[in-house]
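# Summary of the model geometry
Residue strings, one per chain:
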Amino acid sequence: MLRARLVDGLLSGGWIRTAETEAAFRAVPRHLFTPEASLEAAYADDVVRTKFDADGVAISSVSAPWLQATMIEQARLAPGMRCLELGSGGYNAALLAELVGPTGEVTTVDIDPEITDRAARFLATAGYDQVRVLTRDGWHGAAEHAPFDAIVVTAQAVDIAPAWVDQLVDGGRLVIPLRLRGLSRGVAFERHGGRLISRETQMCGFVRMQGAGANPMRRLALRDDEIALRFDGNYPPKPELFDGILDTPRVDVWTGVHIPPMTPFDTLKLWLATVFDGYCQLDVAKDAATESLAPAGRPPGDAVVHDANVAYLTCPKIAESLYEFRVHAFGPNATTLAEDLADQVRIWERDHRTGPDPRITAHPLGTPDHDLPPGRTLDRAHTRITITWPHPTDPDATYHGSRPAPS
Ligand SMILES: C[S@@+](CC[C@H](N)C(=O)[O-])C[C@H]1O[C@@H](n2cnc3c(N)ncnc32)[C@H](O)[C@@H]1O
């Protein structure tokens, strides 16, 4: 009854798109993999957190069903395929096993022996002991069971391990939550030779990657521990330039770009991360006083630094059911940076708000600049990742969520 209600919700929400995925969700008893949760919680469309670090941050979980359904659909599994899952809760591996059937193979890998131990026990109890459960750093994949038709990564990655590309068949899918300039995006990549090309993207959060692929963001406190900037690989070379910056005069610029309530603007975030080298996140503690930061409303987090200047977005209400993006900035050249940021919000509004999704491509290390597509390149230790904004007439352009392709 609870399981049927969950599946009905996943169907009506559009998360389950195929009869095969529906059948898998109807078959696997989720509660057998989440003994810490009540039956209601096990069958709610929500994450069940199963392990925490010393600071109380979740480091393992059974992911939310809508996200599992999305990633499974994106993996495009079929009977007889071989699939590798990185990060083992047990439940998702059982769903994958349903999709590849008795002639397929599922290998699930977790770095934490406590997690593989429970996953293996729960899989056996639920009747999925054909799933191979391995304890190791998933960064290295599972070469002895490769090649895989699909690899599903279920911890947040910053880089793409060469082993994953090597162990994936050409045309196979790597479905992965990838952090780009601090923005977490689920990306379904398809392998084309040595490159991975994105086919679908969506917003999603995941627990952090541990082991060789771990790569924490760096914080720069602006005021005590309450207000800080978080950087993803682009920490400023002279952080001392920001000392006391919030005590200097603030510049405010309206953008003229309006947005109704509850409207996602994830492509604006990615656009700003594409155009600004200094894109970062503004973190404001829940109970921090924000009047000096913004006259109305808490900043949603998008910020840019350049030299000794910082600018960030807010989105105050300007009328009933209408909000407007506004920029605030501090620093000796605050006006210039604020105008630059406001201009890019206007460009997003004009060219990208209803346009195709950005295309994310992962290229092997050593790919020369002239072989990269236009856009922003994020150089990682093992991969060159590019973010490109296709023109609406591009035949490969894709649209997601509530933004339909123009007919
Ligand atoms: C969100 S949980 C997995 C959820 C699971 N796929 C499910 O059934 O919903 C993420 C897992 O990734 C694991 N993990 C983190 N870094 C890893 C790494 N480098 N290799 C393998 N597993 C890792 C964590 O221990 C954690 O159990």
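Residues numbered from 1 in each chain as written. Predicted model: local features only at pLDDT ≥ 70, side-chain atom pairs only at ≥ 80, totals over all residues. Heavy atoms only, no water.

### With respect to the sheet that holds strand β4 (residues 105-110)
What counts, and what does not: Any two strands with at least two DSSP-identified bridges between them are counted as paired. A run of H or I in DSSP becomes a helix once it reaches four residues, and a run of E becomes a strand once it reaches two; helices and strands are each numbered from the N terminus. An axis is simply a line fitted to the C-alpha atoms; with a helix, the fit covers only the stretch in contact. Between two such axes, the angle follows the N-to-C directions and lies from 0 to 180 degrees. Residue contacts are defined here by distance: any two heavy atoms, one from each residue, within 4.5 Å place the two residues in contact.
Reading across the sheet, the ten strands line up as β5-β4-β3-β6-β7-β8-β9-β18-β20-β19 and stay open at both edges, with mixed pairing between neighbours. At either end of the open sheet lies a strand with only one pairing partner, and these are β5 (132-135) and β19 (376-379). Here the strands of the sheet are splayed against their neighbours by 20 degrees on average, with no regard to which way each runs. The pairing of strand β18 (residues 359-364) with strand β20 (residues 383-388) spans six bridges and is classified as antiparallel. Pairing of Thr-361 across the sheet is with Thr-386, part of β20. Taken strand by strand, helix α5 (residues 91-100) contacts β3 (82-86), β4 and β6 (148-153), and its axis lies near 165 degrees from that of β4.

### Quick look at the side chain of Thr-107
Basically, it comes down to this: We call a residue buried when its accessible area falls under 20% of the maximum for its residue type, exposed when it is over 50%, and partly exposed in between, using a 1.4 Å probe and counting protein chains only.
Inspection of the secondary structure assignment puts Thr-107 in strand β4. On the basis of relative accessible area, Thr-107 is assigned to the buried category, the value being 0%. Not counting residues within four places of it along the chain, the set of residues in contact with Thr-107 comprises Cys-83, Leu-84, Glu-85, Arg-132, Leu-134, Ala-142, His-145 and Phe-148.

### A closer look at the environment of Ala-4
Summarising the element assignment, Ala-4 is placed in helix α1 (residues 2-12). Overall, the relative accessible area of 32% leaves Ala-4 in the partly exposed class. Spatially, the C-alpha atom of Ala-4 lies 40 Å from that of His-258, the residues being 254 residues apart in sequence.

### A short note on empty space enclosed by the protein
Rolled over the atoms, a probe with the dimensions of a water molecule shows which regions are left empty. What counts is decided by this rule: The way it works is a 1 Å grid over only the protein atoms, where trapped points that fit a 1.4 Å probe form a cavity and open points with protein on both sides within 12 Å along at least five of seven lines form a pocket, and then any residue with an atom within 4 Å of a point lines it. Grid points are joined across faces, edges and corners, and a volume is the space filled by probe spheres set on the points. Note that Gly is not counted as nonpolar here; it falls among the polar residues with everything else outside the nonpolar set of Ala, Val, Leu, Ile, Met, Phe, Trp, Tyr, Cys and Pro and the charged set of Asp, Glu, Lys and Arg.
Throughout the structure, instances matching the rule amount to four cavities of 30 Å³ or more. Looking at the largest cavity, its volume works out to about 410 Å³. Along the wall of the largest cavity there are 32 residues; nearest its centre are Gly-87, Ser-88, Asp-110, Thr-154 and Ala-155. Put simply, the parts of the chain that give the lining of the largest cavity at least two residues each are β2 (58-62), α4 (65-75), β3, α5 and β4. The biggest single contributor to the lining of the largest cavity is β2, with four residues. Grouping the amino acids of the lining of the largest cavity by side-chain chemistry returns 14 nonpolar, twelve polar and six charged.

### Brief notes about the domain arrangement of the protein chain
Put simply, the test is: For each domain, the first and last residues come from an automatic or database assignment. By buried area we mean how much accessible surface two parts lose on assembly, using a 1.4 Å probe and totalling the loss over both. One speaks of a salt bridge when a side-chain nitrogen belonging to Lys or Arg is within 4 Å of a carboxyl oxygen belonging to Asp or Glu. Between N or O atoms, a polar contact is any pair within 3.5 Å; within protein, one atom must be a potential hydrogen donor and the other a potential acceptor, and residues adjacent in sequence are included only when both atoms are from side chains.
Structurally, the protein chain comprises domain 1 (2-213) and domain 2 (218-352). Relative to domain 2, the C-alpha centre of domain 1 lies at a distance of 34 Å. Across the contact, eight residues belong to domain 1 and ten residues belong to domain 2. With both sides pooled, the region where domain 1 packs onto domain 2 buries about 850 Å², and carbon together with sulfur makes up 52% of that total. Sorting the residues of domain 1 by area buried against domain 2 places Arg-181, Leu-183 and Arg-185 first, and these three jointly supply 71% of that buried surface. At the boundary of domain 1 with domain 2, the tally comes to two salt bridges. Here Asp-232 ties to Arg-179 by a salt bridge, and the two come within 2.8 Å at their closest N and O atoms. Counting across the domain 1 and domain 2 interface gives four residue pairs in polar contact (both at pLDDT 80 or more). Secondary-structure elements contributing two or more residues to the side of domain 1 that touches domain 2 are β7 (168-180) and β8 (183-192).

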